[in-house]
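Understanding the architecture of this molecule
Spelled out from the first residue to the last, the chains are:
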Amino acid sequence: MIKYFHKFANPVRFLKLAIPIKKISGIAAFFTIFIGLIFALLLSPPDYQQKETVRIMYIHVPSAWMSLMTYGFIFLSSVFFLIWRFPLFLILAKESVPIGIIFTFSALISGALWGKPTWGTYWVWDARLTSFLILFFIFLGLKLIKDTFSNSSKGNYTFAYLSLVGGFNLPIIKFSVDWWNTLHQPASIIRTGGISVSNEMLAPLFLMALGLFFLFIYILLVSVEINIKEKSLINFRDSLKNN
Amino acid sequence: MSKEYLLEVKNLSCERNYKLIFDNVSFKLCSGGVVLINGNNGSGKSSILMCISGILEYKGLIKINKKYNDKIGYVGHKNALCEEDTIYEYLTFWKKIYNYKKDFNYVINFFDLRKYLEIPIKFLSFGQKKKLSFLRLQMIKSQIWLLDEPISGLDKRTRSLIINLITKHIEKGGGVIATSHQIINLRKVKNIMRVKID
Amino acid sequence: MTRLFILLLSREVKGYLFNTNKSWFALGFFLLCILIFPLSLGGSEDLLKKISISSIWICALFANLISLESLFKEDYKNGTLLQYHINRIPFFIIVFTKFICHWLFTGFPIIILSPLFLIFLSGSYENILGLFYSLLIGTPLFSLIGMPISALTLGSAARGPILVFLTIPFFLPIIIFGVLSVNSFSSGSFSEYYLLCAILSIGIIFLPYITIKILKESLE
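Just so it is clear, the model here is predicted, and its values are computed rather than measured.

**Points about the overall build of chain B**
Regarding its fold elements, chain B presents five helices and eight strands. Ordered by position in the sequence, the α and β elements of chain B form the string β-β-β-α-β-β-α-α-α-β-α-β-β. Its C-alpha atoms give chain B a radius of gyration of 17 Å, within 12% of the compact-globule value 16 Å for 198 residues. Each principal axis of the C-alpha distribution contributes one length, and for chain B these read about 45 × 40 × 30 Å. Looking at chain B as a whole, 55% of its 198 residues are labelled buried. Partitioning the intrachain contacts of chain B with sequence separation of at least 6 by distance along the chain shows that 72% fall at a separation of at least 24. Of the roughly 9,600 Å² of accessible surface on chain B, a fraction of 48% belongs to carbon and sulfur atoms. Considering chain B, the positive charge centre built from 34 side chains and the negative charge centre built from 18 side chains are found 6 Å apart.

Set out below in structure tokens:
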């Protein structure tokens, strides 16, 4: 296992592998999102209750899934970094933070926009929504740490530990808000308004999710490539200075 | 060389902020010897000391001879002084920490600090603070001293005091690793090794 | 070991006591924060009564947050931590002394004064004991959770804002359970207390450990 990682932990070798994947996933992201949008906006039927507003779901749900997945990814790569100390894992974790922020933000915004026509309010202090907002703030905190300690190896551990602690904390937060909610708010609106999802809706939903997943990989690999090249550029500049 | 070594450094290299600072540094510190590390600013002199004291991560080998006590005394840019404390409080605190049984009167007189004992540290000058650092160093009772720029920024008198202190330590069988971009004038010491890093 | 512990603890307490800023800062901030609540409610007695417990909890949170900044700062800046590390003084002693002192000078006075402030904010008398207990479990948790984050941000330029930003999300579960526990105390249910105790007992093992790790990394 470790040996297998070792092979790709070398940034240069990683780039060699990553660039084709980047290209493929970029193209795949474009086409899946394009087709998914066609399905979602034109071909799929409107909901009998929510009418056309249900189409917000095709943005909202995949981006919510993706933001959770991004946090899981950051968490796992931080753990790997702390165990095996390969800087590559840290670069992967760090570079996925802005993507996570964007996904979470779009999930929150689209959720609010969706909530107004269906439930009559933009925001409810529901467990899921609240913990998502907190996830957003944790993402922002990670970004803050990432930026303040940029170009110093000192921030590496700071970042990894913070994402670790945040990862443990998220379920606790979810749990606590849930607890707080069940005690003090009679059955929340979201649960009563369950949407029955038909196959015609499921297909564009999964297409969009797949598209966003490819998009995530594409953006991640682009920023990792930039990061690695930047670092080698700095090393190159320093070696010029010394000679 | 039949003499026992106190500390051996082999193929030491260190990376910091994604940059290689120094590479393949090797030397041996013998009992009664001095290692002077020379180099320009930013060449990683301080980093070597930090590697030896176990703060930075490094690659290579650092071996401390377990026959002697393996305590390390370190004097760096930061003097570990709490600004609000008086000198007396500072000294008694570190004395207790190091379990130093003897009285520190002798050392205080040596450094000419007797009349300042009850003065808070924030009123002291740079040189006096440095002296306090060396006072603390005396109490550790370690064989190995790591001195980061021990004499820079000091006047002639204090400088000679500190050099005296170092020579005394060496005569007792200790070893000193010092970094400096100035020339430390250790006339009485014979066993001086110079390491240059770039 | 105990000798070292007592030595470091006494030094820490001394540092807090004689540095007047440090010792009264948290409590003063708490008082000032408490003052805001009645003033901002426009004199509505009824509303004040309802939010009295929450406001005391919020003020306790902010008092703790504000004083987190100075937790390791001094020792880090002047190199004392470095010397501790080189001289192989076990870090768990340092972390625990810091934790105890921080709680003693920020959490403890607030706990003692909380009944007074509950009445001052026209809360009901039944809640006094509940609030007292919940703060007793909650404030050490604040200090414990704040410790690793305070250690994380050592050496960054804009430390204060970052610290606030990072810490508050982690304080949220505590404040949720804390406020709930007071409310359910009067009806005779203690489930939130047990939960807080559980978090405290887990936290007191793991959080100092993480703090030690982070402190060692921050030294370089």
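On we go.
**Points about the interface of chain C and chain B**
Opposite the 21 residues of chain C that make contact, chain B presents 25 residues. Between chain C and chain B the total buried area reaches about 2,100 Å² when both faces are included, carbon and sulfur atoms providing 57% of it. The largest share of the area that chain C buries against chain B comes from C:Gln83, C:Ile86 and C:Glu220, three residues that together contribute 26% of it. Counting across the chain C and chain B interface gives one salt bridge. With a shortest N-O distance of 3.5 Å, B:Asp85 and C:Arg11 are connected by a salt bridge.

**Considerations on the interface of chain C and chain A**
Contact residues are listed per partner, giving 25 residues for chain C and 28 residues for chain A. Across the interface of chain C and chain A, roughly 2,400 Å² is buried in total on both sides, 81% from carbon and sulfur atoms. On inspection of chain C and its partner chain A, the count reaches zero salt bridges. Taken together, chain C and chain A are joined by zero residue pairs in polar contact (both at pLDDT 80 or more). Residue assignment for the side of chain C that touches chain A shows that the elements contributing at least two residues are α8 (159-185) and α9 (191-218) of chain C.

**Points about the pattern of salt bridges**
All chains considered together, the criterion is met by eight salt bridges over all chains. The partner of A:Glu225 in a salt bridge is A:Lys22, and the shortest N-O contact between them spans 2.9 Å. Of this pair, A:Glu225 sits in helix α8 (residues 199-242) while A:Lys22 sits in helix α2 (residues 11-43), placing them 203 residues apart in sequence. For the salt bridge of C:Asp75 with C:Lys98, the shortest nitrogen-to-oxygen distance reads 2.9 Å. Of this pair, C:Asp75 sits in helix α4 (residues 73-77) while C:Lys98 sits in helix α6 (residues 91-120), and the two are 23 residues apart along the sequence. Judged by its relative accessible area of 7%, C:Asp75 falls in the buried class. A residue is classified by how much of its surface remains accessible, and C:Lys98, at 4% relative accessible area, is buried.

**What about the packing of aromatic side chains?**
Evaluation of the coordinates by the stated rule reveals 26 aromatic pairs over all chains. Ring centres of A:Trp65 and A:Phe206 lie 6.0 Å apart, and the angle between their planes is 25°; this geometry places the pair in the stacked category. Here A:Phe206 lies in helix α8 and A:Trp65 lies in helix α3 (residues 57-84), a separation of 141 residues in the sequence. Both rings, one in B:Phe93 and one in B:Trp94, keep their centres 5.4 Å apart while their planes meet at 75°; by these two values the pair is edge-to-face. The pair B:Phe93 / B:Trp94 is uniform in exposure class, with both members buried. What links up through ring pairs into an aromatic cluster is the set C:Phe132, C:Tyr133, C:Phe185, C:Phe190 and C:Tyr193. One Lys or Arg, B:Arg136, reaches over the ring of B:Trp94 and ends 5.4 Å from the middle of that ring. Lying across the ring of B:Phe93, C:Arg11 places its NZ or CZ 4.3 Å from the centre.

**Here we look at the sheet that holds strand β7 (residues 175-179) of chain B**
Residue and element names in this part refer to chain B. Spatially, the five strands line up as an open sheet ordered β5-β6-β7-β3-β8, and their pairing is parallel. This sheet does not close on itself; its edge strands, each paired only once, are β5 (72-75) and β8 (192-196). With direction set aside, neighbouring strand axes in the sheet form an average angle of 15°. As paired strands, strand β6 (residues 144-148) and β7 are joined by five bridges and run parallel to one another. When the sheet's bridge partners are listed, Ile-144 is paired in β7 with Gly-175. The strands that helix α1 (residues 45-52) touches are β3 (34-38), β5, β6 and β7; relative to β6, the one it contacts most, it runs at about 150°. Contacting β5 and β6, helix α4 (residues 126-140) runs over the sheet at an angle of about 180° to β5.

Parameters and conventions
- Residues numbered from 1 in each chain as written.
- Chains lettered and ligands numbered in written order.
- Predicted model: local features only at pLDDT ≥ 70, side-chain atom pairs only at ≥ 80, totals over all residues.
- Heavy atoms only, no water.
- Helix = DSSP H or I, 4+ residues; strand = E, 2+ residues; numbered from the N terminus.
- Rg over C-alpha atoms; globule rule 2.2 N^0.38 Å.
- Buried < 20%, exposed > 50% of the residue type's maximum accessible area, 1.4 Å probe, protein only.
- Contact = heavy atoms within 4.5 Å.
- Areas by Shrake-Rupley, 256 points an atom, 1.4 Å probe, with all protein chains shown as cover.
- Lys, Arg positive; Asp, Glu negative; His and termini not counted.
- Charge placed at Lys NZ, Arg CZ, Asp CG, Glu CD.
- Buried area = accessible area lost by both parts, 1.4 Å probe.
- Salt bridge = Lys/Arg side-chain N within 4 Å of Asp/Glu carboxyl O.
- Polar contact = N/O pair within 3.5 Å; in protein donor to acceptor, adjacent residues only side chain to side chain.
- Phe/Tyr/Trp six-rings, centres within 6.5 Å; stacked < 30°, edge-to-face > 60°.
- Lys NZ or Arg CZ within 6 Å of the ring centre and 35° of its normal.
- Pairing = 2+ DSSP bridges.
- Axes fitted to C-alpha atoms, helices over the stretch in contact; angles between N-to-C directions.

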